[in-house]
Structure formats: C-alpha cells, structure tokens
Amino acid sequence: MNIYDQLESVENRYEELGELLSDPEVVSNTKRFMELSKEEASLRDTVATYKEYKDVLQAITDAEEMIKDSEGDADIEEMAKEELKESKAQKEDLEERLKILLLPKDPNDDKNIILEIRGAAGGDEAALFAGDLLTMYQKYAEAQGWQFEVMEASTNGVGGLKEVIAMVSGQSVYSKLKYESGAHRVQRVPVTESQGRVHTSTATVLVMPEVEDVEYEIDPNDLRVDIYHASGAGGQNVNKVATAVRIVHLPTNIKIEMQEERTQQKNRDKAMKIIRARVADHFAQIAQDEQDAERKSTIGTGDRSERIRTYNFPQNRVTDHRIGLTLQKLDTILAGKLDEVVDALVLYDQTKKLEELNN
C-alpha cells in the first residue's frame, strides 16, 4: 500500500469513527467508547494534514492551468508561476509531515504518567540530585501546562530525596517524557565535600504510562491489602485512625505504601494507580525484552539501569549519551527548560523509524 492509499484509508477510518461515536450502543459502552475516542484523536492531525495536502495539490493543478491559459499575459503568468513555486514547496513539507504522522504510534503517547525518581549510587549526594531532578520535571510540567502531583516521597537527613512518586497529567505527557527512564549521572562538588573535589553520583528515573482499570484488570485475589496507622518523621503516630495502605501484588511481589492522604479510600485509590502502572510496566518490559531486534532500534526502551544522561556542573554541560547531544546549558535545563533535549530525542526516534520504514 503506497502513502496515498494509506492516507485514504486513514481518512475513511476517521469518518467511520465519527459515525460510531454517535451510535447509542457505543456511547453506552464506556470501554468501547474510550477506545474509539482515543483512536479518533490519534488520527485527527493526520486527517487535517492530509486535507491540507489535497488542497495544495489542487492549488498546483490550478496554477499549472493558469500558466497554460495566460495567453501571453506576462503578469498573470508570473503570478501563477509564483503560486506554483510556493505550492510545490508546501507539498514537500506536507509530504514529510505525513510520513512522520503515518509512523506506527505508541499507544501510550497521549497518556498521563507515573514518575518515580530515586537516589542511587552516591549516598546523600545522590538523594540531593534526585531532588534537583524532581524540581526540573516540576518546572517543565508547569511550562507545559500539566498538573504535577507528588503522591509519595521519602527524604534523608540532608534534605535530599530517597524516593519520590508523582503523577503528571496533561496533554501528551508520556510522548514527551517517555525517554527519561534510566540512570541520570551528576558530576559536581557535593555540599558535604570539604575538600572541593568533584564527585560522581546517580539517580534513577522511571516513567510509566498511567493505566486505567478498564484497560488493565488485576485479579483482586493477586493483591494483599494491609491497613495501618500513618506515621510521621521519627516514626511517631500522626493519625489515630488507620488510614495508611500497603498493597502487594503477590505474583510479582511489587509493593506500594501510601499514607499521604487523610482517608483510607484516597490512599487506596492512589496506591492502586501506582500498582496498576507498575504491574503493567513489569509485564510490558518482559515482552519488550523478548523483542531484542526492535529494542536496538529505539531509544528510551532499553535497559532501565543504563546511563542515559550526564549533568556536569563544573562545565555547565548536559550530555545525552544515546543521541550524542551535548549542551552547555545545564543551569537552564535544570530550571525546567527541557524542550531542546526532548525535541532532539523525539526527532532522533522519528528519524530512526523512518529509516526502518524505507529499508
């Protein structure tokens, strides 16, 4: 099937989806309606661009006709030639956009995410850097107009983060942050270093798409739920009513504890969101491990422990090792201005996929 047949097929499917979404039977089936709504939304840009492309093709035909019919009128001929030149340039641009839009889409791209950041190698300094990464993502989310909610956090004695779990909600969150999973390395003089020596520490980031219960069902028999009293710093009891929740997924031994909220139900709901995302991610990673050839050609889906980026403070430098990108902008990147890095990763991924498609 050539690109034009593909585009006609996409346009026909988009129109079919419009009809299905107004069908009372579909509207009454929440899961089906959600699936079709997401499919329609995923095709919207492609269809709009294809319509623009067809308009440009018509403009080229009209300009060519005008040149033929100008009958020696130099002004009309000149005007038509200029329109033809502009339309042909538009046609090339639109063809490139359409090729990218027709690439196989990641079904999770439009989803919200569960973001987990942990201090790894480097003790207190790693925990402090984990806090810096949290601030970076919070500021980036704010600039994107996303919501950022810290769901659970544990700190160390120097104000660093041992671990933080956050929910990031908004438009196309996963599509922009999915490449952040991996080990982030920092090189700097720690605040705890009296000799002024540069240390290397790491923090790990894990980005998981939010999974709705209608998308991924977990057998209740596979869960163990414990209810206990929430406690504050030093372990003192801060709540006379048992509101904290611990949920363990028995087949995988994945565990989450939640005590941030004041009610048991809210803690349970948040814990289930994280458990569902972690379990789905666990099995998705196993499936991905079985597709070695595919994984070698993509970024952000490889070994979660691999070092993906270095933040070098003495040189104000950030390097993304996967795509060989180096920017002397560490201060602005840690201030949440991640667009240049994110755009480069998206472009690299798209280019690789286009190469595969053409080979």
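Below you will find a few notes about this structure. Computed from a predicted model, the values in this text were never measured in an experiment.

1. Describing the overall build of the protein
Thinking step 1. For the protein, the count of helices and strands is 10 helices and 11 strands.
Thinking step 2. Taken across its 359 residues, the protein has 39% of its residues classed as buried.
Thinking step 3. Long-range pairs, those at least 24 residues apart, make up 59% of the contacts in the protein between residues at least 6 apart in sequence.

2. A short note on the sheet that holds strand β6 (residues 223-228)
Thinking step 1. A sheet is described by the order of its strands in space; here 3 strands give the open sequence β6-β7-β8, paired in antiparallel fashion. Strands with a single pairing partner mark the edges of an open sheet, and in this sheet they are β6 and β8 (254-258). On average, adjacent strands in this sheet sit at an angle of 15° to one another, irrespective of strand direction.
Thinking step 2. Alignment of β6 against strand β7 (residues 244-249), held across 6 bridges, turns out to be antiparallel. Paired with I227 across the two strands is V245, which belongs to β7.

3. Some thoughts on the sheet that holds strand β9 (residues 307-312)
Thinking step 1. Strands sit in the order β2-β3-β1-β5-β4-β9-β10-β11 across an open sheet of 8 strands; the sheet is mixed. Two strands close off the open sheet at either side, each with one partner strand: β2 (147-155) and β11 (325-327). Pairwise comparison of adjacent strand axes, ignoring direction, gives a mean angle of 15° for this sheet.
Thinking step 2. Sheet analysis places strand β1 (residues 113-119) next to strand β5 (residues 199-209), joined by 7 bridges and oriented antiparallel. In the strand pairing of β5, E116 is matched with L206.
Thinking step 3. Across the face of the sheet, helix α5 (residues 123-144) comes into contact with β1, β2, β3 (161-169), β4 (182-188), β5 and β9 while running at roughly 110° to β4.

4. Thoughts on the packing of helix α1 (residues 3-20) against helix α3 (residues 30-68)
Thinking step 1. In contact at an axis separation of 9 Å, α1 and α3 are set at 130° when each is read in the N-to-C sense. With respect to α3, the axis of α1 lies oblique. When the axes of α1 and α3 are compared, the crossing they make is left-handed. Side by side, α1 and α3 meet where Y4, L7, E8, V10, E11, R13, Y14, L17, G18 and L20 of the first sit next to L36, E39, E40, L43, R44, T46, V47, Y50, K51, Y53 and K54 of the second.
Thinking step 2. Here the contact of α1 with α3 is composed, by residue class, of 11 nonpolar, 2 polar and 8 charged.

So, how was this worked out
- Numbering of residues starts from 1 in each chain and follows the order in which that chain's sequence is written.
- Two thresholds apply to this predicted model, a pLDDT of at least 70 for residue-level local features and 80 or more for giving and counting side-chain atom pairs, whereas whole-chain, interface and lining totals are computed over all residues.
- The basis for the side-chain values is all heavy atoms of the structure; hydrogens and waters are excluded.
- The numbering of helices and of strands both runs from the N terminus, where a helix is a DSSP run of H or I of at least 4 residues and a strand a run of E of at least 2.
- The buried label goes to any residue with under 20% of its type's maximum accessible area, the exposed label to any with over 50%, and the partly exposed label to all in between, with areas taken from a 1.4 Å probe on protein chains only.
- Working rule for contacts: check all heavy atoms of both residues, and any pair within 4.5 Å makes them a contact.
- One requirement defines pairing of two strands: DSSP has to find at least two bridges between them.
- Between the N-to-C directions of two axes lies an angle of 0 to 180 degrees, each axis being a line fitted to C-alpha atoms and, for a helix, fitted only over the stretch in contact.
- Throughout, the term roughly parallel applies to angles under 35 degrees, roughly antiparallel to angles over 145, roughly perpendicular to angles from 65 to 115, and oblique to all others.
- Note: crossing handedness is left-handed where the near helix turns anticlockwise from the far helix by less than a right angle, and right-handed where it turns clockwise.
- Amino acids outside the nonpolar list (Ala, Val, Leu, Ile, Met, Phe, Trp, Tyr, Cys, Pro) and the charged list (Asp, Glu, Lys, Arg) are all regarded as polar, and Gly is one of them.

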